[in-house]
Amino acid sequence: MSASVFPAKSLPELPISGSTSTYQVARIFCVGRNYVAHAKEMGGEVDREAPWYFTKSAFAYCPSGSTVPYPPGTSNYHHEMELAVALGAPVFKGDEDDAKAAVFGYACALDMTRRDRQQDGKDHRRPWSLGKDVENSAVLAPLTRAEDFGKIGDQRIHLQVNGETRQEATLADMVWRVEEIISHLSRYYHLSPGDVILTGTPAGVGPVVAGDVITGGIAGLDPIALSLTDPE
Ligand code: MN
């Protein structure tokens, strides 16, 4: 037996609402521009050909309710309120029925973003890692099991900064439905339990500063919160 020269790290464990069990997060996929009004505010258009993605490390996970420092390397840190989908079964080259059957649960999520670093990436045709794979930027609230949530319809999705509403839409405004996203992504990855997909943000994204309190919700799910303190 060989042993790791440094202490082994463990993957994050996401709480499950109403349960003592947890859900281990292994990979975090994020969908780009999945709400028409947000695509427009970012100066782009929705691509109806296929959904597209970026990723965050599982080590970018931050539990809802945390207080974290404003991150280094940005002066334009943005909130993005999103529906997260957690898989509970393998899917590879799956159709939409396979995709639907593989959903374990849903959660409120924040895809916190260094918008200035993301823009650098766009300007120079470079990857978005510094903009998106930010420590503490994958904020997740406890999971609600799919059978307890029911069907995705016109549930309200919203975000407030210091109590003032900044994002407001419904899940029916998503361009790509959850089954379409999972089915499409499964043509590229052997999806399995531990894979979490952030399904994109509605319009109204914007900057936050140290001292701000971000809260958000999706009807039928546990709410989400994040507080920012001064940079380290
Ligand atoms: Mn996003």
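Predicted model, so just to flag it, every value in this text is computed and none were measured.

### What about the pattern of salt bridges?
Line of reasoning, step 1. The tally for this structure, following the rule as stated, stands at 11 salt bridges.
Line of reasoning, step 2. R156 is the salt-bridge partner of E168, the closest N and O atoms lying 2.6 Å from each other. Pair noted here: E168 is in strand β14 (residues 164–170) and R156 is in strand β13 (residues 156–161), with a separation of 12 residues, a long-range link.
Line of reasoning, step 3. Between R177 and E180 there is a salt bridge, and its shortest N-O distance comes to 3.6 Å.
Line of reasoning, step 4. A residue is classified by how much of its surface remains accessible, and R177, at 38% relative accessible area, is partly exposed.
Line of reasoning, step 5. The exposure class assigned to E180 is buried, which follows from its relative accessible area of 16%.
Line of reasoning, step 6. One salt-bridge network, held together by shared partners, links K56, E80, D111, R115 and K132.

### Notes on the pairing of strand β15 (residues 195–198)
Line of reasoning, step 1. Every second residue of β15 is oriented toward a common face, with D195 and I197 on one face and V196 and L198 on the other, all of them buried.
Line of reasoning, step 2. Relative to β15, strand β3 (residues 27–31) is paired through four bridges, and the arrangement is parallel. Bridging across to β15, R27 finds its partner in D195.
Line of reasoning, step 3. Judged from the three bridges that link them, strand β8 (residues 81–87) and β15 form a sheet pairing that is antiparallel. Bridge assignment links A86 to a residue of β15, and that residue is V196.

### Some details on the nonpolar core
Line of reasoning, step 1. If you look at the biggest cluster of nonpolar residues, it comprises 64 residues, and the most contacted ones within it are Y23, L83, L110, I182 and L226.
Line of reasoning, step 2. With residues near it in sequence (within four places) discarded, L110 still touches E80, M81, S137, A138, V139, L159, L198, I214, I224 and L226.

### With respect to the side chain of H184
Line of reasoning, step 1. You can see H184 is positioned in helix α6 (residues 178–185).
Line of reasoning, step 2. A relative accessible area of 9% means that H184 is categorised as buried.
Line of reasoning, step 3. There is a polar contact of 2.7 Å between the side chain of H184 and the side chain of Y53.

### Here's the deal with helix α3 (residues 115–124)
Line of reasoning, step 1. Of all the residues in α3, the buried ones are R115, D116, Q118 and G121.
Line of reasoning, step 2. Just downstream of α3, R125 is the residue with a positive phi angle, here 55°.

### Here's the deal with the environment of T201
Line of reasoning, step 1. Take T201: it is sitting in the loop between β15 and β16 (206–207).
Line of reasoning, step 2. On the basis of relative accessibility, which here comes to 2%, the residue T201 falls in the buried class.
Line of reasoning, step 3. Excluding residues that lie within four positions of it along the chain, T201 makes contacts with Y35, H38, E80, M81, E82 and Q167.
Line of reasoning, step 4. One polar contact links the side chain of T201 to the main-chain carbonyl oxygen of M81, over a distance of 2.9 Å.

Thresholds applied
- Residues numbered from 1 in each chain as written.
- Predicted model: local features only at pLDDT ≥ 70, side-chain atom pairs only at ≥ 80, totals over all residues.
- Heavy atoms only, no water.
- Salt bridge = Lys/Arg side-chain N within 4 Å of Asp/Glu carboxyl O.
- Helix = DSSP H or I, 4+ residues; strand = E, 2+ residues; numbered from the N terminus.
- Buried < 20%, exposed > 50% of the residue type's maximum accessible area, 1.4 Å probe, protein only.
- Pairing = 2+ DSSP bridges.
- Core = buried A, V, L, I, M, F, W, Y, C linked by side-chain atoms within 4.5 Å.
- Contact = heavy atoms within 4.5 Å.
- Polar contact = N/O pair within 3.5 Å; in protein donor to acceptor, adjacent residues only side chain to side chain.

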